[in-house]
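# Coordinate analysis (summary)
For reference, the chains in residue letters:
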Amino acid sequence: MTYKQVAGERAPTTNMPPTQKPSFGSSSLVTVDIVVLVVYFLLVLAVGFWSMWRTKRSTVDGYFLAGKSMTWWPVGASLFASNIGSGHFIGLAGSGAAAGIGAIAYEWNGMFMVLLLGWLFLPIYISSGVTTMPEYLQKRFGGRRTQLFIAVLSLFIYIFTKISVDMYAGAVFIQLALKWNIYLAVVLLLAVTALYTVAGGLAAVIYTDAAQTAIMLAGALTLMGFSFAEVGGWDALMEGYFTAIPSVRVPNSTCGIPRDDAFHIFRDPVYSDLPWPGVIIGMSVPSMWYWCSDQVIVQRSLAAKTLTHAKGGSLLAAYLKVLPFFAIMLPGMISRILYTDEVACADPDLCQQICGNSVGCSDTAYAKLVMELLPGGLRGLMMAVMIAALMSSLTSIFNSSSTIFTMDLWKSFRSNASEWELMIVGRVFVLVLVAVSVLWIPVVQASQGGQLFIYIQSISTYLQPPVSIIFLMGCFWKRTNEKGAFWGLAIGLTVGCIRMLLDFIYPTPLCFEEDNRPSVLKYVHYLYFSMLLSFITLAVVVVVSLATEEPSPEQISCLTWFTRFDPVKPKEQVIPVEQRHTESRNGQPFNQRRDSASSVSSAPSQSRFMSAIYWLCGMERRREADSNTVTPPAPEQIICTLDEKPSLRHLVNANLIICLSVTVFIIGYWA
């Protein structure tokens, strides 16, 4: 309370217009910035073309899993870059400016989960020999409905929480820097991004991600240095944050007043914005979906050449996850201190003038620092960082979305589709995704008090817990069967969707408005709802599985933690049912007939222009590729991939203990 009184006395002396105006004059890009941006784009395109040149993109395995040839450092860098999109730069900094460090708990929770992926989940996925996560469910439970359910849900979640949020965040930044219309900014960003995604496949995405990670960290740490120098160091941040109250705010309300618990992760279990029991349990379940069973993340780990390299990638990603607190969140809090009247604006009309969002302008915190603090050249570097963050996460999501749509949905309805057709479908689907995402942006803008990061997490807690529980039970309880998984998923998601719809119908009231929402929204925090939803799903899965038949041996062998070392069965286990039917009709392998058909189609001579287009899309070399494209070799790869050299295994295990200790220490220190 003392902070509020002190700040309340000082507040009237602050004058609004002088702090507002400079942001529209001084903060445009100069020639040096443009040069830096151009150099950045050339560098990334060079990396992209180099990786396209050296990898085989003309096969499904080469395009969607980078030929399973990646070492630990590009895998780890790509995990980090796929996770840290522009939504993090805008959203984490915005949450820091609005409500303190609480939201960083999501990042540090992710450190545990990415390690869980490498040590517990990945060995199961590798031994099962799958390309996509819905495909794992199809093998584990049999039947098609659970696979299709998860495939559709994954695409739905990508549009709701990932693609549109990242595009909005990148556009907010470009809008601030170049003063362009937000939709024009979005369309331009997508045009650049589409170049990689359509052309390069996973290998190009992973290598460009590694380059983007280096650029992101260099830029973000540079800005952190400038921010601390400007505010006067650590002590000035701790003191100044509580007195950063805007001069114009709604009287007799809490609007614009910093939280007393701003520097704590574990907050009051009943009245706070992030209750601590919810942070420990309710946050972990959706986080497990993201890190341990989401296509975007798992696809990168599956591209590693061995299990040890995949574990090394998980470790690198976990260590890098420490940095967003210092490089993104604290600068966001400093931005509130330096530009209080703009970043922490508390009057809806004024906020609408400043950033075009009447709910609040905290999401402009990071962009404001970049445009005001950095000299020419470095501003261009930070623009490159933001675009790097946006493009790395978008390319990852686009590649994974097209993988799920092509391999799980299209192939289940078009079992005779040629590889050529699958490649084209995957690319066209990216364009469809983009169009839907652009249409969703206005909804994102209006949600969750201008705190973008919290919007993402609250949507996640309504849709992801049932999926997490299904994967957890499928991997670690052999008795789980298809009926249990399907009904657990169906009932869990129905409950989750009802809560999500209620959230859209009754949005969170602003700080000066009375809360007239239904009790289930008013008194049940979304993290507590996540715990409740997980329990409901778990109960349904257990009860239905025990009440119905046991899964067959082939639905368990190589597909759970306890059976991951089972000897690999002959080829029929890997070949889909439809394909077996097709083979049995003629006695001639289906793949051979498909290949001969597609090589005939590419036989006519092509113009140089068409050849270049085909090369760009990874469709060249069809004739050599087709003769080699046969599904059955997968088991030979799988047999040896769980083997690890003892010395390397001890090295990654020792690192695991160090990394877990670091995570426990930092969470404990800030709790």
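What you see is a predicted model; the values in this text were computed from it and never measured. (Residues numbered from 1 in each chain as written. Predicted model: local features only at pLDDT ≥ 70, side-chain atom pairs only at ≥ 80, totals over all residues. Heavy atoms only, no water.)

## Remarks on the overall build of the protein
What counts, and what does not: A run of H or I in DSSP counts as a helix once it spans at least four residues, and a run of E counts as a strand once it spans at least two, with each numbered from the N terminus. Working definition: with a 1.4 Å probe on protein chains only, accessible area under 20% of the residue-type maximum means buried, over 50% means exposed, and in between means partly exposed. Note on contacts: a residue pair is in contact if any heavy atoms of the two residues lie within 4.5 Å. The protein chains shown are the only cover counted for residues, whose accessible areas, like all others here, come from Shrake-Rupley with a 1.4 Å probe.
Of regular secondary structure, the protein possesses 33 helices and zero strands. Burial statistics for the protein: of 671 residues in total, 59% are counted as buried. Counting only contacts in the protein whose residues sit at least 6 apart along the sequence, the fraction spanning at least 24 positions is 84%. As presented, the protein carries roughly 25900 Å² of accessible surface, and 67% of it is formed by carbon and sulfur atoms.

## Some remarks on the environment of Ser253
Locating Ser253 in the fold gives a position in the loop between helix H12 (234-240) and helix H13 (276-282). For the pair Ser253 and Phe512, spaced 259 residues apart in sequence, the C-alpha separation works out to 5.4 Å.

## Examining the packing of helix H14 (residues 284-292) against helix H24 (residues 465-476)
We count it as follows: Note on method: axes are straight lines fitted to C-alpha atoms, helices fitted across the in-contact stretch only, with angles between N-to-C directions ranging 0 to 180 degrees. Roughly parallel here means an angle under 35 degrees, roughly antiparallel means over 145, roughly perpendicular means 65 to 115, and every remaining angle is called oblique. By convention, the crossing between two helices is left-handed when the near helix turns anticlockwise from the far helix through less than a right angle, and right-handed when the turn is clockwise. Charged residues are taken to be Asp, Glu, Lys and Arg, nonpolar residues to be Ala, Val, Leu, Ile, Met, Phe, Trp, Tyr, Cys and Pro, and polar residues to be all remaining types, Gly included.
Where H14 meets H24, the axes come as close as 8 Å, and the angle between the chain directions of the two elements is 65°. Of the possible angle classes, the one that applies to H14 and H24 is roughly perpendicular. Crossing geometry of H14 relative to H24 is assigned as left-handed. Counted together, Val285, Pro286, Met288 and Trp289 of H14 and Pro465, Val467, Ser468, Ile469 and Leu472 of H24 form the full contact between these two elements. Among the residues forming the contact of H14 with H24, the class breakdown is eight nonpolar, one polar and no charged.

## Quick look at the state of the cysteines
Applicable threshold: By convention in this document, the label disulfide applies to cysteine sulfur atom pairs within 2.5 Å.
Under the counting rule described, the total for this entry stands at one disulfide. Looking at the unpaired Cys292, the closest cysteine sulfur is the one in Cys475, lying at 9.1 Å.

## Quick look at helix H21 (residues 378-413)
So the rule is basically this: How far a helix is expected to stretch is found by multiplying one less than its residue total by 1.5 Å.
Its 36 residues give H21 an end-to-end C-alpha distance of 51 Å, which sits within 8% of 52 Å, the value for a rise of 1.5 Å per residue. By the criterion of burial, H21 is predominantly enclosed, with 31 of the 36 residues buried.

## Examining the packing of aromatic side chains
Which entries qualify depends on this criterion: Pairing of aromatic rings covers Phe, Tyr and Trp, the last through its six-membered ring, and needs centres within 6.5 Å; plane angles under 30 degrees mean stacked, over 60 mean edge-to-face, and all others mean tilted. Put simply, a charge is over a ring when the Lys NZ or the Arg CZ is close to the ring centre, within 6 Å, and near the line of the ring normal, within 35 degrees.
Counted by the stated rule, this structure contains 24 aromatic pairs. Measuring from centroid to centroid gives 5.1 Å for Trp50 and Tyr207, while their planes differ by 75°, and the two rings are edge-to-face. Taken as a pair, Trp50 in helix H4 (residues 31-54) and Tyr207 in helix H11 (residues 182-231) lie far apart in primary sequence, 157 residues in all. Judged by relative accessible area, which is 46%, Trp50 ranks as partly exposed. Its relative accessible area of 13% is what places Tyr207 among the buried residues. Relative to Tyr290, the ring of Trp289 lies with its centre 6.5 Å away and its plane at 50°, an arrangement referred to as tilted. Of the two residues, Trp289 and Tyr290, neither departs from the other in class, the shared state being buried. The structure contains a cluster of three or more aromatic residues connected by ring pairs, namely Trp108, Phe228, Trp234, Phe325, Phe326, Phe665, Tyr669 and Trp670. The ring of Phe529 carries Arg499 above its face, with NZ or CZ at 5.2 Å from the centroid.

## Section: a nonpolar patch on the surface
Cut-off, in case you're wondering: Patch definition: residues with relative accessible area over 30% and no salt bridge; like charges joined within 9 Å; nonpolar side chains (Val, Leu, Ile, Met, Phe, Trp, Tyr) joined within 5 Å. For this analysis, a salt bridge means a side-chain nitrogen from Lys or Arg found within 4 Å of a carboxyl oxygen belonging to Asp or Glu.
On the surface, Ile424, Val428, Val432 and Val436 cluster together into a nonpolar patch covering about 300 Å² of accessible area. Mapped onto the secondary structure, Val432 falls in helix H22 (residues 419-446).

## Quick word on the pattern of salt bridges
Within this structure, the stated rule accounts for twelve salt bridges. The residue Arg145 makes a salt bridge to Glu482 at a minimum N-O spacing of 2.8 Å. Note that Arg145 is positioned in helix H10 (residues 145-178) and Glu482 in helix H25 (residues 482-505), a separation of 337 residues in sequence. Close ionic contact of Arg259 with Asp261 constitutes a salt bridge, the shortest N to O distance being 2.8 Å. On the accessibility criterion, Arg259 (25% relative accessible area) is partly exposed. Residue Asp261 is classed as buried on the basis of its relative accessible area of 17%. Each member of the salt-bridge network shares a partner with another, and the members are Arg259, Asp261, Arg267 and Asp273.

## What about helix H16 (residues 307-320)?
The end-to-end C-alpha distance of H16, which contains 14 residues, comes to 20 Å, matching closely the 20 Å that a straight helix rising 1.5 Å per residue would cover. Listed as buried for H16 are Leu307, Thr308, Ala310, Lys311, Gly312, Gly313, Ser314, Leu315, Ala317, Ala318 and Leu320.

## Let's talk about the nonpolar core
Just so we agree on the cut-off: Buried residues of nine kinds, namely Ala, Val, Leu, Ile, Met, Phe, Trp, Tyr and Cys, make up a nonpolar core once their side-chain atoms join them within 4.5 Å.
Among the nonpolar cores identified, the biggest contains 167 residues, and Phe89, Trp108, Leu122, Tyr125, Tyr136, Phe263 and Tyr366 are the most heavily contacted of them. Once residues within four sequence positions are removed from consideration, Tyr125 is found in contact with Leu117, Val130, Met133, Tyr136, Cys292, Ser293, Val298, Leu302, Phe471 and Cys475. Cys345, Cys351, Ile354 and Cys361 belong to the second-largest nonpolar core, a separate cluster that totals five residues.

## Notes on the side chain of Thr132
Mapped onto the elements, Thr132 comes out in the loop between helix H8 (104-128) and helix H9 (133-141). We classify Thr132 as buried; its relative accessible area is 0%. In this view, Thr132 contacts Gln295, Thr403, Met407 and Asp408; residues no more than four positions away in its chain are not counted.

## Observations concerning the packing of helix H6 (residues 72-83) against helix H15 (residues 295-302)
In contact at an axis separation of 9 Å, H6 and H15 are set at 170° when each is read in the N-to-C sense. With respect to H15, the axis of H6 lies roughly antiparallel. Contact residues: H6 offers Val75, Ser78, Leu79 and Ser82, while H15 offers Val296, Ile297, Arg300 and Ser301. For the contact of H6 with H15, the class distribution of residues is four nonpolar, three polar and one charged.

## Quick word on the confidence of the model for the protein
Rules: pLDDT is defined as a per-residue confidence score from the predictor, taking values between 0 and 100.
For the protein, the average pLDDT comes to 78, and 79% of its residues sit at 70 or higher. Throughout residues 1-26 the model reports pLDDT below 50, and contacts reaching past four residues in sequence, or to other chains, amount to 35 contacts. Predicted confidence is poor over residues 571-604, with pLDDT under 50, and the contacts of this stretch with residues over four places away or in other chains come to 41 contacts.

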